[in-house]
Amino acid sequence: MLYAVICRDKPGHLQTRLDTRERHVAYLKSTPVVLAGPFLENGEMCGSLVVVEQPDLAGAQAWAAGDPYAAAGLFESVSVTEWKRVIG
C-alpha cells in the first residue's frame, strides 16, 4: 500500500534540515520510497512530502519515525495517511 507522509518543519529550523539532509536522502534511497520532495515557502525548504510503500499504516508510521529528520527533531507535525495513485 502507498502512504503519504506529510511533514511540516518547526519554524526557524532550516539549519537542522540542512545539517541532516545527507542522512535523510540516504534513508530515502535505502527504503521503498515512490516519490519525495520538500515543501517550499519563499524559496526555502519548510517541510516534506514522501510517498512510501509499506504493508500497513503501522509500517508507514514506523518508516516516518525512522527518518533522520524526525530523529533530529526537525518536524513540528507529521501526518501519515493511505494514498492512492490515480495519475503518474
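Heads up: these notes are all about the structure in this document. (Residues numbered from 1 in each chain as written. Predicted model: local features only at pLDDT ≥ 70, side-chain atom pairs only at ≥ 80, totals over all residues. Heavy atoms only, no water.)

Quick look at the pattern of salt bridges
Stated formally: When a carboxyl oxygen of Asp or Glu is within 4 Å of a side-chain nitrogen of Lys or Arg, the pair counts as a salt bridge.
Across all of its chains, the model carries 1 salt bridge by this definition. The salt bridge involving Asp-9 is made with Arg-17; its shortest N-O contact spans 2.7 Å.

Some points on the state of the cysteines
Stated formally: In this description, a disulfide is simply a cysteine sulfur pair whose atoms lie within 2.5 Å.
Inspection of every chain in the model, using the stated rule, returns 0 disulfides. Here Cys-7 stays unpaired: no disulfide links it, and the sulfur of Cys-46, its closest cysteine neighbor, is 11 Å away.

Digging into the sheet that holds strand β3 (residues 44-53)
Strand-to-strand pairing in sheets goes through backbone hydrogen bonds, with the strands running parallel or antiparallel. Note the following rule: When DSSP finds two or more bridges between two strands, those strands count as paired. Only DSSP runs of H or I with at least four residues qualify as helices, and only runs of E with at least two residues qualify as strands; both kinds are numbered from the N terminus onward. Here an angle of 0 to 180 degrees is reported between the N-to-C directions of two axes, which are lines fitted to C-alpha atoms, with helices fitted over the stretch in contact. Residues are treated as being in contact if the distance between any of their heavy atoms lies within 4.5 Å.
With antiparallel pairing, 4 strands are arranged side by side in an open sheet as β2-β3-β1-β4. In the strand order of this sheet, the two ends are held by β2 (33-41) and β4 (75-83), each with one partner. Looking at each pair of strands side by side, their axes are set apart by 15 degrees on average, direction ignored. As defined by bridge partners, strand β1 (residues 2-9) adjoins β4 across 8 bridges and the pair is classed as antiparallel. In the sheet register, Cys-7 faces β4, and the bridge partner there is Val-78. Contacts from helix α1 (residues 14-29) reach β1, β2, β3 and β4 within the one sheet, and its direction differs from that of β3 by about 20 degrees.

Topic: the pairing of β2
Taken together, the 8 bridges between β2 and β3 define a ladder with antiparallel strand orientation. Each bridged residue has a counterpart across the sheet, and for Val-33 the counterpart in β3 is Val-52. A loop of 2 residues connects β2 with β3, the two strands running antiparallel in sequence, and Asn-42 in this loop sits at a positive phi of about 50 degrees.

A few points about the nonpolar core
The cut-off we apply is this: Take the buried Ala, Val, Leu, Ile, Met, Phe, Trp, Tyr and Cys residues and link them wherever side-chain atoms come within 4.5 Å; each set so joined is a nonpolar core. Relative accessibility decides the category of a residue: with a 1.4 Å probe and only protein chains considered, values under 20% of the type maximum give buried, values over 50% give exposed, and everything between is partly exposed.
One finds Val-5, Trp-63 and Val-80 to be the most contacted residues of the largest nonpolar core, which totals 14 residues. Every element with two or more residues in this core is listed here: β1, α1, β3, α2 (57-66) and β4.

Description of the environment of Asp-56
Summarising the element assignment, Asp-56 is placed in the loop between β3 and α2. On the basis of relative accessible area, Asp-56 is assigned to the partly exposed category, the value being 36%. Considered as a pair, Asp-56 and Ile-6 are 50 residues apart in the sequence and their alpha carbons are 17 Å apart.

Observations concerning the packing of aromatic side chains
For clarity, the cut-off: Only Phe, Tyr and Trp rings take part, Trp by its six-membered ring, and two of them pair if their centres are within 6.5 Å. Stacked means planes under 30 degrees apart, edge-to-face means over 60, and tilted covers everything else. Over a ring means this: the NZ of a Lys or the CZ of an Arg is within 6 Å of the ring centre and within 35 degrees of the ring normal.
Overall, the coordinates contain 2 aromatic pairs when judged by the stated rule. For the pair Tyr-69 and Phe-75, a centre-to-centre distance of 6.0 Å together with 85 degrees between the ring planes defines the contact as edge-to-face. When sorted by exposure, Tyr-69 lands in the same class as Phe-75, which is buried. Here the guanidinium or amino end of Arg-8 rests over the ring plane of Phe-39, the centre of that ring lying 4.4 Å away.

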